[in-house]
Amino acid sequence: MNDFKYQWHKLKCKISSFMHSALTGRYGIDHLYRFLTVIIYILLFIQIFFRVKFLYLVTITILIYNFYRVFSKNHQARYRENQLYLKYSKKFRSWFNLQKRKFVERKEYRFRVCPNCKQNLRVKNVKGKHTVKCPKCKTDFEVRL
Ligand SMILES: [Zn+2]
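Counting restarts for each chain: residues are numbered from 1 in the order of the written sequence. Totals for whole chains, interfaces and linings use every residue, but because this is a predicted model, local features are given only for residues with pLDDT of at least 70 and side-chain atom pairs only at 80 or more, for both listing and counting. Side-chain measures here rest on the full set of heavy atoms in the structure, leaving out hydrogens and waters.

S.K.: What should I look at first to understand the coordination of the zinc ion in this one?
M.R.: Metal coordination angles in their ideal form are 109.5 degrees for the four-donor tetrahedron and 90 or 180 degrees for the six-donor octahedron. In this description, a donor is an N, O or S atom within 2.8 Å of the metal centre, a cutoff extended to 3.2 Å for sodium, potassium and calcium. Water is not part of the atom list, which can make sites seem incomplete. At the metal site, the zinc ion is ligated by C114 (SG), C117 (SG), C134 (SG) and C137 (SG), and these contacts range over 2.3 Å. Its four donor atoms give the zinc ion angles of 107 to 112° at the centre, a pattern that matches the tetrahedral case. Mapped onto the sequence, the donors of the zinc ion take the spacing C-x2-C-x16-C-x2-C. Placement of the pair is C114 in the loop between β1 (109-113) and β2 (120-124) and C137 in the loop between β3 (129-133) and β4 (140-144), with a sequence separation of 23 residues. Every geometry call rests on angle ranges, with four donors termed tetrahedral when all angles are between 85 and 135 degrees, four termed square planar and six termed octahedral when opposite donors are over 155 degrees apart and all others are between 65 and 115, and everything else termed irregular. A run of DSSP states H or I qualifies as a helix once it reaches four residues; a run of E qualifies as a strand once it reaches two. Both are numbered from the N-terminal end.

So, in structure tokens, the structure goes:
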């Protein structure tokens, strides 16, 4: 048993050092890589139910492009691509993060929108009627929880 553990550890070290040497000087993983990986998984899931050759082709193309980006040595170009992705996905990502935060803090806080400036506000979850001051536009408004 101990011999197996030793061999397993040795194998893990070999894989780790191989990965380290293979990725030295390469661009690696970024936000766009993670996004494309999620897209690949969604496309693969869809293909369980609908076998469309076009989707298969799109999935393979994204997969190859993703690997190309990870192993690319042109850091500037990959960085620019990632910045472009971050720029255009900012609204969606901030909306998604807000939904996640609302879910995680749903027991302690309630989220309300300021009627004046549409800013999202976090209000402590205490039952009753409260007057809330928006920190952005300094407007007072009533909130019923
Ligand atoms: Zn406001």
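The structure having been displayed, the exposition proceeds.
S.K.: Any chance you could explain the domain arrangement of the chain here in plain terms?
M.R.: In many analyses, interface size is given as the accessible surface area lost on bringing the parts together. Looking at the assigned domains, one finds that the chain contains domain 1 (28-104) and domain 2 (108-145). Using only C-alpha atoms to locate each centre, domain 1 and domain 2 end up separated by 36 Å. Domain boundaries shown here were taken from an automatic or database domain assignment.

S.K.: Which parts of the structure should I look at to understand the pattern of salt bridges?
M.R.: Oppositely charged side chains are able to pair whenever their charged atoms sit close together. Take a side-chain nitrogen of Lys or Arg and a carboxyl oxygen of Asp or Glu: if they are within 4 Å of each other, that pair is a salt bridge. Using the criterion set out here, one finds six salt bridges in the structure. Here R69 and D30 are joined by a salt bridge, their closest N and O atoms 3.0 Å apart. In this pair, R69 is assigned in helix α3 (residues 53-71) and D30 in the loop between α1 (2-23) and α2 (31-49), connecting sequence segments 39 residues apart. To sort residues, take the accessible area from a 1.4 Å probe on protein chains only and compare it with the maximum for the residue type: under 20% means buried, over 50% means exposed, and anything in between is partly exposed. Since its relative accessible area comes to 1%, R69 is described here as buried. Each of D30, R69, R78 and E81 takes part in one network of salt bridges that share partners.

S.K.: Explanation requested: α2 in the structure shown.
M.R.: The periodicity of an α-helix, 3.6 residues per turn, causes residues three or four positions apart to be oriented the same way. What a helix is expected to span follows from its residue count: subtract one and scale by 1.5 Å. Spanning 19 residues, α2 covers 28 Å between terminal C-alpha atoms, matching the ideal 27 Å at 1.5 Å per step. Buried within α2 are the following residues: L32, L36, T37, I40, L43 and Q47. Projected onto a plane normal to the axis of α2, the buried residues spread over an arc of 135° and lie on a single side. Turned more than 90 degrees away from the buried face of α2, the exposed residues are Y41, F45, I48 and F49. In protein, a polar contact requires one atom able to donate a hydrogen and another able to accept it; more generally it is a pair of N or O atoms within 3.5 Å, and residues adjacent in sequence count only if both atoms are side-chain atoms. Of the residues that open α2, the one with a side-chain oxygen 3.4 Å from the backbone nitrogen of L32 is D30. Directions from the helix axis toward the C-beta atoms define the arc.

S.K.: Hey, could you run me through the packing of α3 against helix α4 (residues 75-104) in this one?
M.R.: Each pair of packed helices gets described by two things: the angle between the helix axes and the distance between those axes. With axes taken as lines fitted to C-alpha atoms, and helix axes fitted only over the stretch in contact, angles between N-to-C directions fall between 0 and 180 degrees. Closest axis-to-axis distance for the α3/α4 pair is 9 Å, and the angle between their directions is 125°. The angle between the axes of α3 and α4 places the two elements in the oblique class. Once α3 is placed against α4, the crossing between them reads as left-handed. Side by side, α3 and α4 meet where Y65, Y68 and R69 of the first sit next to R78, E81 and N82 of the second. Only Asp, Glu, Lys and Arg are considered charged in this grouping, and only Ala, Val, Leu, Ile, Met, Phe, Trp, Tyr, Cys and Pro are considered nonpolar; every other residue, Gly among them, is considered polar. Counted by class, the contact of α3 with α4 contains two nonpolar, one polar and three charged residues. When an angle is under 35 degrees it counts as roughly parallel; over 145 it counts as roughly antiparallel; between 65 and 115 it counts as roughly perpendicular; any other value is oblique. A crossing counts as left-handed when the near helix is turned anticlockwise from the far one by less than a right angle, and as right-handed when that turn is clockwise. Any pair of residues with heavy atoms lying within 4.5 Å of one another is described as a contacting pair.

S.K.: How do you make sense of the environment of Y6 when you look at a structure like this?
M.R.: Note that Y6 resides in helix α1. Separated by 113 residues in the primary sequence, Y6 and Q119 place their C-alpha atoms 57 Å from one another.

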